[in-house]
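Single-letter residue listing:
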Amino acid sequence: MGRVRTSMGIALVAGAVLAGTSACGGNSSASTPPKDDAKASSSGSAVTPSPKPTTPKPLGPPMLLDTITPQTGTTVGVAMPISVVFTNPVATSARAGVEKAMKISTSVPTTGAWHWFSSTRADFRPQDYWKPGTKVTIDADLKNVPNGNGRYGTHSYTHTFTIGDDNRASVSVTGHSMKVTHNDTVVKTMPIDAGSPSFPSWDGTMAVIDKQKEVRMTSCSVGISCNKSSPDYYDLTLPWDVHLTTSGTYVHYSTGDPYPGHSYGSHGCVHLSLANAKWFYNFIKPGDPITITGSPRGKAKGDNGYADFNLSWSTWLAQSGEGQITTSPAA
């Protein structure tokens, strides 16, 4: 099924969100300035007034962030990256400096690295999954940090979040089943239907972006069909939706495939029965990894949502300015 529109990312200012086009089976594709320490001066008995505080002259136009995830104060899954989106492009030559300014500290030493998916999006992930219980802080002191294109940071941003229990789901397209584990123990195995040969599901590991109790999904929103007489046309509002990619992959219940486990019944999503979809919705959280195997479509691109772990570690490091680091607790 296809979703009309969704969002991912948590805004740093004013609660805005980073919007992403999505549909099931669709193609992926101000802080106060410092004041001078002004003192009165004297000339004989006369006392001149203290000068008015001055604002330092900006080094250039501002470099700002659109979004940063996860949201501060949240608990997320072991596959959740830190994802930062800038309002303007960051030059390749400036990326190491920007990365160093975005300091990552953790309660458990963690080997990880930044990776630039584009000139405006940088993600940090561990080499392997986060260890459950880890406290993570990103302290992005970007004041006066250049982006290499004439802009300079003006703000500091701090987000602190926690890695929760290790929940995972493994989907077998050919086996029409999904196995769910909690801290390495299997807790449930459920029948599923995945994408059809014409509209296959993505393979690979995708960290849950978000979830909603209801999502309107349409075929027209992703160019599958806008013709109401087409057998591929749909316009449905469906329940218990767990969001996997910005191109529109979900795990959910579908009224068109109420008893999954025997066929290929979707336009790229993973279908569960109504009872199982509700259970899975309540069990899973953002950042938990969902791994799909057996689909001919290939792996989702790393920036199609939070599919960061679809990249090998060597590939990840190839687009890192600073390279591999090992984090330490905050000072």
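None of these values were measured; they are calculated from a predicted model.

1. Topic: the pairing of strand β18 (residues 204-207)
Link 1 in the chain: Residue alternation in β18 divides its side chains into two sets, Gly204 and Met206 and Thr205 and Ala207, and both sets are buried.
Link 2 in the chain: Pairing of β18 with strand β23 (residues 289-293) involves four bridges; the strand directions are antiparallel. Looking at the pairing, Gly204 lines up with Ile292 of β23.

2. Concerning the side chain of Asn310
Link 1 in the chain: The residue Asn310 is located in the loop between β23 and α3 (313-318) in this model.
Link 2 in the chain: There is a polar contact of 2.9 Å between the side chain of Asn310 and the backbone oxygen of Ala300.
Link 3 in the chain: In this view, Asn310 contacts Asp203, Gly204, Thr205, Lys299 and Ala300; residues no more than four positions away in its chain are not counted.

3. Side note on the sheet that holds β23
Link 1 in the chain: Judged by pairing direction, the sheet is mixed, and its five strands sit side by side in the order β17-β16-β15-β23-β18 without closing on themselves. In the strand order of this sheet, the two ends are held by β17 (185-191) and β18, each with one partner. Along the sheet, successive strands turn relative to each other by an average axial angle of 20°, direction set aside.
Link 2 in the chain: Where strand β15 (residues 167-172) lies against β23, four bridges are found, and the strand directions are parallel.

4. Comments concerning the confidence of the model for the protein chain
Link 1 in the chain: Taken as a whole, the protein chain shows an average pLDDT of 85; of its residues, 82% reach a score of 70 or greater.
Link 2 in the chain: Here residues 2-22 scores under 50 on pLDDT; set against residues more than four positions off or in separate chains, the count is 78 contacts.
Link 3 in the chain: In the model, residues 25-50 has pLDDT below 50 throughout and makes 35 contacts with residues more than four positions away in sequence or in other chains.

5. Here's the deal with the sheet that holds strand β22 (residues 270-272)
Two strands in a sheet stick together by hydrogen bonds in their backbones, pointing the same way (parallel) or opposite ways (antiparallel).
Link 1 in the chain: Judged by pairing direction, the sheet is mixed, and its four strands sit side by side in the order β19-β20-β21-β22 without closing on themselves. Because the sheet does not close on itself, it has two edges, and the strands there are β19 (210-218) and β22. For this sheet the average axis-to-axis angle between neighbouring strands, irrespective of direction, equals 40°.
Link 2 in the chain: With eight bridges connecting them, β19 and strand β20 (residues 235-243) associate as antiparallel partners. In the sheet register, Gln212 faces β20, and the bridge partner there is Asp241.
Link 3 in the chain: Against the sheet, helix α2 (residues 274-283) contacts β19, β20, β21 (250-253) and β22, and its axis sits at roughly 45° relative to β20.

About the criteria used
Residues numbered from 1 in each chain as written. Predicted model: local features only at pLDDT ≥ 70, side-chain atom pairs only at ≥ 80, totals over all residues. Heavy atoms only, no water. Buried < 20%, exposed > 50% of the residue type's maximum accessible area, 1.4 Å probe, protein only. Helix = DSSP H or I, 4+ residues; strand = E, 2+ residues; numbered from the N terminus. Pairing = 2+ DSSP bridges. Polar contact = N/O pair within 3.5 Å; in protein donor to acceptor, adjacent residues only side chain to side chain. Contact = heavy atoms within 4.5 Å. Axes fitted to C-alpha atoms, helices over the stretch in contact; angles between N-to-C directions. pLDDT = per-residue confidence, 0-100.

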